[in-house]
Amino acid sequence: MNAEAGRVRSLLDYYVTRGRTQIQAQFQYRAATYFWLIGMLAEPIVYLVVWTTIAEQQGGSVQGITTGEFAAYYIVWTLVRNMNIVFTPYGWEWRIREGQLSAALLRPLHPLHDDLAGFAGWKVVTILLWLPIAAVLWVAFDPVLDPTLLEVAVFSLAICGAYLIRTMFLSSLGMITFWTTRVGAIFELAIALELLLSGRLVPLPLMPDWAQEVANFLPFKWSFYFPIDALVGDLSRGELLGGLAMQLLWIVVLTGLTMVVWRFAVRRYSAVGN
Amino acid sequence: MRRTALLGWLFFRIGSMNELQYRANFLLQLLQSAVAVGTALVVLALVYSHTEELNGWSESELLVVMGIQILLGGVIRMTIQPNMQRLMEEVRDGKLDFALTKPEDSQVLVSIRDVRIWQAVDIFSGAAVLAYGVSGLERGVTVSDVLLFFALLGVGAVLIYCFWLIVATLSFWVVDTWSILELLDGVYQTGRWPVSIYPLWLRLGVTFIVPIAFAITVPAEALTSRLEWSTVALAVGFSAALFVATRYWWRFGLRRYSGASA
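Residues numbered from 1 in each chain as written. Chains lettered and ligands numbered in written order. Predicted model: local features only at pLDDT ≥ 70, side-chain atom pairs only at ≥ 80, totals over all residues. Heavy atoms only, no water.

Quick look at the overall build of chain B
When its secondary structure is counted, chain B shows 11 helices and 0 strands. What you see for chain B is a C-alpha radius of gyration of 19 Å, in line with the 18 Å of a compact globule of 262 residues. Along the three orthogonal principal directions, the C-alpha set of chain B runs to about 65 × 45 × 35 Å. Relative to its full complement of 262 residues, chain B shows a buried share of 50%. For chain B, the proportion of contacts with a sequence separation of at least 24, taken over those separated by at least 6, is 82%. For chain B, the exposed area adds up to about 12,700 Å²; of that, 65% sits on carbon and sulfur atoms. Between the centroid of the 19 positive side chains of chain B and the centroid of its 20 negative side chains there is a distance of 11 Å. (Helix = DSSP H or I, 4+ residues; strand = E, 2+ residues; numbered from the N terminus. Rg over C-alpha atoms; globule rule 2.2 N^0.38 Å. Buried < 20%, exposed > 50% of the residue type's maximum accessible area, 1.4 Å probe, protein only. Contact = heavy atoms within 4.5 Å. Areas by Shrake-Rupley, 256 points an atom, 1.4 Å probe, with all protein chains shown as cover. Lys, Arg positive; Asp, Glu negative; His and termini not counted. Charge placed at Lys NZ, Arg CZ, Asp CG, Glu CD.)

Now the structure itself:
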């Protein structure tokens, strides 16, 4: 029992240290991070402008979503998108193809811990730098956002859940590289599917009914649309907690999948390189 | 001029032969292009399932805009971007020496050395979307519309080239230019919609700071009969001025180059 507690403690220690060094490292690249954050803004601003234009043409709303709500949706979108940035499957491809995984395998720690802790540390930096951008967007687009305390709490949890769901999804996707080194095509398809069914493109209620039906059975909605809706929308207490439960379910399923794939995959790994 | 064209053709042949070795990339590019076009069409279908027209633009007219954006994106990634990226890398590594010591104008040389022929897939898929859009236009297009369109597309390509070179020249002062590229990639997405839908500050930004409006919306206006001659004059004047300015800017930046090799 004591040994178990010690293991948990050292793992926790690792997360804290890795996260902290990453914060310090990334703070050095403030300008680069800003360019990157601003480049990422084009996507939501374009969608926001398009839907605002349509809403205005139709007397203020589309499918019951008002211009102010669109603004709120796409501003919160920027934060949720930020939380959705995790180690990419292309990173896994590079890691496996170039033999970079060898060093990670020698450590007495699953490489996923390293990704999770590192990106979590980076998030602290990007969110801090994001705050002024959000303020500018707020002034420019005049959103309607009036969340309850419970909604804020659920949102805070849900963006962490989103981070875990997406890490596990993209990691298991990336591990396909263990079997074949030409994976770009599979990634592109998966990411396009995610784009359409996660709420990143448009708020899901604007999609046709059948697409919303399909989205209910996939993890994408829970890592993107749900957190935004929790804060911006008007969900009941049951829906909020139910959403968190769905997130938990997907975290368990996808982590399980990642673990299983990893067990089989790592046996196939043969280091390349010098 | 003849010499430049000959040199360009030579680099194109070498680049093509190099790329032809990697034929699987063609299939990958085909798939990527299909996914990108498919997603764009889905967005358009969604938008027009909720409205008849977007700020006065019908669905076919927006297909024209989208087609031009995809087509021009292909041109950029096939010719402009690889050259500019290589320029930035070579400035950092000091390898630009090899280009500068050649008996040819340095700006010409750094602009034509690389070509990624598989990116031409996007040119064709963009052209297909464009043709489909044009076929759905109610007012039809005349021969002079088409000629004007091609001329303005050329002007747009020149503008985008100048803009890229201006940014790439920054690498003589700034080391980290990767993040600037990320920024440009994001901003280019705004060209998928007619710039008239954007709020004023953004419209000015994508017209004069990043010349997307001139490169994409203006040629689209030629095909959708909403072009005014003052716009044509402005586009041509602006691109000529920018072209000259770019040349001076390049020479100015080049003086900063000190070579970092060995």
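Some points on the overall build of chain A
Per the secondary structure count, chain A includes 12 helices and 2 strands. Going residue by residue from the N terminus, the α and β elements of chain A occur as α-α-β-β-α-α-α-α-α-α-α-α-α-α. Compactness check: chain A gives a C-alpha radius of gyration of 20 Å against a globular reference of 19 Å for 274 residues, within 12% of the reference. The C-alpha extent of chain A, read off along each of the three principal axes, is 65 × 40 × 40 Å. The long-range share in chain A, meaning contacts at least 24 apart out of those at least 6 apart in sequence, stands at 80%. For chain A, the accessible surface area stands at approximately 13,100 Å², while carbon and sulfur atoms represent 65% of it.

Topic: the interface of chain A and chain B
Taken together, the 31 residues of chain A in the interface contact 31 residues of chain B. Summing both partners gives a buried area of about 2,600 Å² for chain A against chain B, and 78% of it is carried by carbon and sulfur. Linking chain A with chain B are 0 salt bridges. The interface formed by chain A and chain B contains 5 residue pairs in polar contact (both at pLDDT 80 or more). Mapped by element, the contributors of at least two residues to the side of chain A that touches chain B are helix 2 (30–57) and helix 8 (184–197) of chain A. Per-element accounting of the side of chain A that touches chain B gives the leading share, 14 residues, to helix 2 of chain A. (Buried area = accessible area lost by both parts, 1.4 Å probe. Salt bridge = Lys/Arg side-chain N within 4 Å of Asp/Glu carboxyl O. Polar contact = N/O pair within 3.5 Å; in protein donor to acceptor, adjacent residues only side chain to side chain.)

A look at the packing of helix 3 (residues 67–83) of chain A against helix 6 (residues 111–141) of chain A
Residues and elements named next belong to chain A. Contact geometry of helix 3 with helix 6 gives a least axis separation of 10 Å together with a crossing angle of 170°. Classed by the angle they form, the pair helix 3 and helix 6 counts as roughly antiparallel. Contact residues: helix 3 offers Ala71, Ile75, Thr78, Leu79, Asn82 and Met83, while helix 6 offers Lys123, Thr126, Ile127, Trp130, Leu137, Trp138 and Phe141. Here the residues of the contact of helix 3 with helix 6 sort into 9 nonpolar, 3 polar and 1 charged. (Axes fitted to C-alpha atoms, helices over the stretch in contact; angles between N-to-C directions. Parallel < 35°, antiparallel > 145°, perpendicular 65-115°, else oblique. Nonpolar A, V, L, I, M, F, W, Y, C, P; charged D, E, K, R; others polar.)

Structural notes on the nonpolar core
Side chains of nonpolar character tend, in soluble globular proteins, to be buried together. Judged by nonpolar contacts, the single largest core of 159 residues is most densely connected at Trp51, Phe70 and Tyr74 of chain A together with Leu87 and Trp193 of chain B. Residues in contact with leucine 87 of chain B, not counting those within four places in the same chain, are Leu96, Val110, Arg113, Leu165, Ala168 and Trp250 of chain B. (Core = buried A, V, L, I, M, F, W, Y, C linked by side-chain atoms within 4.5 Å.)

A closer look at the packing of aromatic side chains
Inspection of the entire model under this criterion finds 27 aromatic pairs over all chains. Their ring planes at 55° and their centres at 5.7 Å tell us that tryptophan 222 of chain A and phenylalanine 226 of chain A sit as a pair that is tilted. The exposure class assigned to tryptophan 222 of chain A is buried, which follows from its relative accessible area of 10%. Through successive ring pairs, a cluster of aromatic residues spans Trp36, Phe87, Trp92, Phe119, Trp122, Phe178, Trp262 and Tyr269 of chain A. Here the guanidinium or amino end of arginine 95 of chain A rests over the ring plane of tryptophan 92 of chain A, the centre of that ring lying 4.7 Å away. Taking the ring centre of tryptophan 57 of chain B as reference, the NZ or CZ of arginine 226 of chain B above it sits at 3.8 Å. (Phe/Tyr/Trp six-rings, centres within 6.5 Å; stacked < 30°, edge-to-face > 60°. Lys NZ or Arg CZ within 6 Å of the ring centre and 35° of its normal.)

What to know about a nonpolar patch on the surface
Judged by side-chain polarity, Leu200, Leu204, Phe208, Ile209 and Leu234 of chain B come together as a nonpolar surface patch covering roughly 510 Å² of accessible area. Mapping isoleucine 209 of chain B onto the fold places it in helix 9 (residues 200–209). (Patch = residues over 30% accessible without salt bridge, like charges linked within 9 Å, V, L, I, M, F, W, Y side chains within 5 Å.)

Quick look at the confidence of the model for chain B
Within chain B, residue pLDDT values average 88, and 98% of them lie at 70 or more. Under the prediction, the complex receives an ipTM of 0.84, its pTM being 0.87. (pLDDT = per-residue confidence, 0-100.)

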